[in-house]
Amino acid sequence: MREPDCSHCTLPGQKLVWGRGEPAGLFIVGEAPGPSETIKLAPLIGAGGDLLKTCLARCGWGETPTYTTLSVMCQPPGGRSPSEHEVKCCAGRLQWELEEVRPTKLLVLGAVACKALFGVPLNRVRGKRMYYQGIPTIVTYHPNYILRNPDAFLDFEFDIDKLHTEYEDFTEVSKRHYVIKDEEQIMQFLCMCEGIISLDIETTGLNEHQEEITRIGIRDDFMGSAVLYAPISNEVAKGIERMSQRCKVICHNVDFEYRWLRAKLGIKLQCHADIMLMHHAIDERTGMGVSRSLKTLGKAYFDLDDWSGVVKNAGGFKRIEGFELDSYLAQDLWVTRMLYDKLLPLVIDEKQEGPFFNITMPVRHTLSEMSSRGIYADREYLTELDWKLGSLADASRLKIEELVGSEFNPASPAMVADLLFNKMKLPKVRGDSTAKGVLEQMNEPIADLILDFRAHMKTASTYVQGLASVIQADGKIHTKFNQHRATTYRLSSDDPNLQNIPQRNKVVAKLVRDVFYAPEGWELLEIDYSQLEVFIMAILAKDDRMIEVLGSGLDIYTHVASVFYQVAYAEVTREQRQSMKDVVLGAIYDRRAEAIAAAHDTPVPIAQAWLDAFFSEFKGVRRFLDEQPKRAMQLGYSETLYGRRRRFPFITGTNKLEVMRQSINSPDQGTGVDICCLAMHRIEQLDMPIQQLVQIHDAILAYVPTDRFDECKEIMMNEMTKAPFETPLNFRVECKRGNRWGSMVSA
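Remember, it's a predicted structure, so these values are computed and weren't measured experimentally.

Visitor: Would you mind going over the nonpolar core with me for this structure?
Guide: Within soluble globular proteins, side chains that are nonpolar generally end up buried alongside one another. Residues F516, Y529, V534, M546, I556, F614 and V621 are the most contacted members of the largest nonpolar core, which totals 98 residues. Those residues within four positions of I556 in sequence are excluded, and the remaining contacts are Q531, V534, M546, V549, L550 and F618. If you look at the next biggest cluster of nonpolar residues, it comprises 59 residues, including I197, A226, F256 and L265.

Visitor: It is not clear to me how the sheet that holds strand 4 (residues 105-109) should be interpreted in this structure. Could you clarify?
Guide: Adjacent strands of a sheet pair through backbone hydrogen bonds, lying either parallel or antiparallel. In spatial order, the strands read 1-3-2-4-6-5; together these six strands make up an open sheet with mixed pairing. Of all the strands in the sheet, the pair left with one neighbour each is strand 1 (20-21) and strand 5 (130-132). One ladder, built from four bridges, connects strand 2 (residues 26-30) with strand 4; its direction is parallel. Opposite I28, over in strand 4, you have L107 as the bridge partner. Across the sheet, helix 8 (residues 153-161) lies against strand 4 and strand 6 (135-140), angled at about 180° from strand 6, the strand it touches most.

Visitor: What's the story with the packing of aromatic side chains in this structure? I'm lost.
Guide: Here the distance between the centres and the angle between the planes together describe a pair of aromatic rings. Overall, the coordinates contain 18 aromatic pairs when judged by the stated rule. Judged by centre distance (5.7 Å) and plane angle (35°), the ring pair of Y376 and Y517 falls under tilted. A residue pair is termed long-range when its members are at least 10 positions apart, and Y376 in strand 13 (residues 375-376) and Y517 in the loop between helix 22 (506-513) and strand 17 (522-530) qualify at 141 residues. Looking at Y376, the relative accessible area reads 23%, which means it is partly exposed. Accessibility expressed as a relative area gives 25% for Y517, which makes it partly exposed. A ring pair is formed by Y529 and F731, whose centres lie 6.2 Å apart and whose planes are at 85°; its orientation type is edge-to-face. Residue Y529 is located in strand 17, and its partner F731 is located in the loop between helix 31 (709-721) and strand 22 (732-738); the two are separated by 202 residues in the primary sequence. Just as Y529 is buried, F731 falls in that class too.

Visitor: What exactly am I supposed to notice about the sheet that holds strand 12 (residues 273-274) here?
Guide: Strand order across the open sheet formed by six strands is 7-10-9-8-11-12, with mixed pairing between neighbours. The open sheet is flanked by strand 7 (178-180) and strand 12, the only strands paired with a single partner. Examined bridge by bridge, strand 8 (residues 196-203) and strand 9 (residues 213-220) share seven bridges and lie antiparallel to one another. In the sheet register, L199 faces strand 9, and the bridge partner there is I218. In the packing of helix 16 (residues 322-349) onto the sheet, contacts are made with strand 7, strand 8, strand 9, strand 10 (224-229), strand 11 (248-251) and strand 12, and the angle to strand 8 comes to roughly 145°.

Visitor: What am I meant to see in the pairing of strand 21 (residues 699-705) here?
Guide: Each regular strand carries side chains that alternate between the two faces of the sheet. Among the seven residues of strand 21, seven are classified as buried, and the element is accordingly described as predominantly covered. Burial along strand 21 is two-sided: A699, L701, Y703 and P705 and I700, A702 and V704, pointing in opposite directions, are all buried. Where strand 17 and strand 21 come together, seven bridges link them in antiparallel fashion. By the bridge assignment for strand 21, E526 is matched with L701. Where strand 20 (residues 691-696) meets strand 21, five bridges bridge the pair, whose relative direction is antiparallel. Along strand 21, the bridge assignment pairs V694 with L701.

Visitor: Got a minute to help me understand the environment of N253 in this structure?
Guide: Locating N253 in the fold gives a position in the loop between strand 11 and helix 12 (254-265). The partly exposed category is assigned to N253, whose relative accessible area is 26%. Taking the C-alpha atoms as reference, N253 lies 9.9 Å from N482; in sequence the two are 229 residues apart. Excluding its chain neighbours within four sequence positions, the residues that come into contact with N253 are D274 and M276.

Visitor: Could you clarify how one ought to interpret the side chain of D255 in this entry?
Guide: By the secondary structure assignment, D255 is in helix 12. A polar side-chain atom of D255 sits 2.7 Å from a polar atom in the side chain of S368. The contacts of D255, once residues within four sequence positions are left out, are D274, R364, S368 and K480.

Visitor: Honestly, the pattern of salt bridges in this entry has me stumped. Any pointers?
Guide: Close approach of charged atoms lets side chains of opposite charge pair. Summed over all chains, the structure comprises 49 salt bridges. For D495, the salt bridge goes to K480, with nearest N and O atoms at 3.4 Å. Of this pair, D495 sits in the loop between strand 16 (492-494) and helix 22 while K480 is found in strand 15 (residues 480-482), placing the two residues 15 residues apart along the sequence. Put simply, E284, E350, E639, R645, R646 and R647 are held in one network by salt bridges that share partners.

Visitor: Help me out: how do you make sense of helix 25 (residues 556-565) in this one?
Guide: Since the α-helix packs 3.6 residues into each turn, any two residues three or four apart lie on the same face. Burial runs high along helix 25: seven of the ten residues are buried. Regarding helix 25, the residues found buried are I556, Y557, T558, H559, V560, A561 and S562. Elements in contact with the buried residues of helix 25: helix 23 (532-541), helix 24 (544-551), helix 26 (574-588) and helix 28 (604-617). Measuring from the side-chain oxygen of the N-cap residue of helix 25 to the backbone nitrogen of Y557 gives 3.1 Å; that N-cap residue is D555. Following helix 25 by one or two positions, Q566 adopts a phi angle in the positive range, close to 55°.

Parameters at a glance
- Residues numbered from 1 in each chain as written.
- Predicted model: local features only at pLDDT ≥ 70, side-chain atom pairs only at ≥ 80, totals over all residues.
- Heavy atoms only, no water.
- Core = buried A, V, L, I, M, F, W, Y, C linked by side-chain atoms within 4.5 Å.
- Buried < 20%, exposed > 50% of the residue type's maximum accessible area, 1.4 Å probe, protein only.
- Contact = heavy atoms within 4.5 Å.
- Pairing = 2+ DSSP bridges.
- Helix = DSSP H or I, 4+ residues; strand = E, 2+ residues; numbered from the N terminus.
- Axes fitted to C-alpha atoms, helices over the stretch in contact; angles between N-to-C directions.
- Phe/Tyr/Trp six-rings, centres within 6.5 Å; stacked < 30°, edge-to-face > 60°.
- Polar contact = N/O pair within 3.5 Å; in protein donor to acceptor, adjacent residues only side chain to side chain.
- Salt bridge = Lys/Arg side-chain N within 4 Å of Asp/Glu carboxyl O.

This is how it looks when you write it as structure tokens:
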């Protein structure tokens, strides 16, 4: 037995926690002992140890002989991590244990253990299959980190599961390719393509309206990877389109390929599967460093180093040598193809093949076509709006100066804080903060003027100048729609973010939306689902009473107000309806009386009475809200009516309340997204002059010919109101029309 070098260590006199277990098999290295490990003189015990055992058993290591040890044998004081010197003092002992045990696999847990064995940060090698002195090794998070960050559990389990598979070197195979320049040979190649085909393109930039395609890569399993150089003839373009209709084309982020091929070659690419969206179907997490880039997935599943370095080293796609870029493209094609084979069984195992192939992919084509279509934006109007907002901001500033009696800069947080808290002696809410929420609580005229000034300035900088910068040569804005940015599957948009146009400030919302207009002979038609989340809750909860009320055509908010306030349905005031609207929406998302009371500046007992009145009538909803979190925690996921899942693989005291909330919210919100997106897809398939432009939340905006407005409106309403699953309810919609988006009127 080799003792640690305690004579030079800064942790003298501490109890030594030795490794323990059986020789051979799996060797696990942790960090440093905690209090329970020091008391019991055993490594990796307690809650973290229990989590590790559970995960090992789930990954098939439960019966494997295991030896467990630590990088440092003594507990550092104050809960700190061991120093590099302290780790080195234990290095000889750790090496001796490895030589004595002679394991077949090595699992390294946490940043300290990673640094002890490999000398590099954890994030550089986490999850990558490696070898340590010839032993197959995986480095991953420490289980105690997972207890603090439950969202990382899937990565932790995924890394441990990789211990079963051996490393293979695919680098040389993946770069093989050939270039076809002769058009006749290209057409022969396209005609011979069959089965699963991976497709990728390389361009001179990211804007399909300003840059150019340089080459198209197509990989057939039998013929390998072919690279086609631009310019692409019309005949070849049509050949690619026909090939995509005949074969199962797979891409990574097909929205990019679709928009570019649509803009440059005029073709509609048919894509069987998008690798990025396939991964989202089995792991819908966002944040926590989650990335679905091709390079990240290649590293996760095949241990491939980031091969984009060749592009960066050359100074970008415009400067890279032709052969190097061809090889880079071939590797993209190969990884895309291999990821399809890797991810498809996981999608099937998660029972997500139905939602993915019947919802995600058809809707992806519709969204990409809408992005390619674009929406007209008035550049001259934006110039006028910029001036108008500047004038409004100046007017607010002058009113403030009139009240203050001196020059004042509302854009300066320091001057605003000095004015409000030092000169006016107003009570502080959060220190010297003058954030929007703080000013809104003050109920002071000068605070309202400061808010107005900020709103006008923000609108000018964020929306007016931002929108002007993305108007293309065709006079349109082409936003990009994302399906993978939210755990609830809600859509988002980029360049610009049209989902983020302000709504609460109606004046600002109208000014900004009026940028978008219909061309001559066309009108804008907006159809918005009404009370969709309430309809979905009635279906999810199987609440017969709520289904009866909605089915009768009554407005649910007015109905609840009439019951609570004990007035006739026709006599409910606007204020009474609004208060009950907030209660109904709060109730179906299981918000507590305290939250509703705070929103209405109402005593908690009154808010509780509102909720009690609601649940006394709609008992099915109350039952669903009580049972759904239990069901989700038992299954490890919640589902929409279409079977899309929001997963909760690891539940602790840290995230339990959030899991309960998400288990209720996700089925309702996710089903609403599917209903709206599927209606949009059906409308796109119709042989009608309906040009869908934008989907924002529960509304669809489209161009329709003025002389066929009523016909198009009825068809869109029919597609949106009919439920695509068995239910006694038809959904409700509200329609608007107009030449400018912000000035539409009821239709």
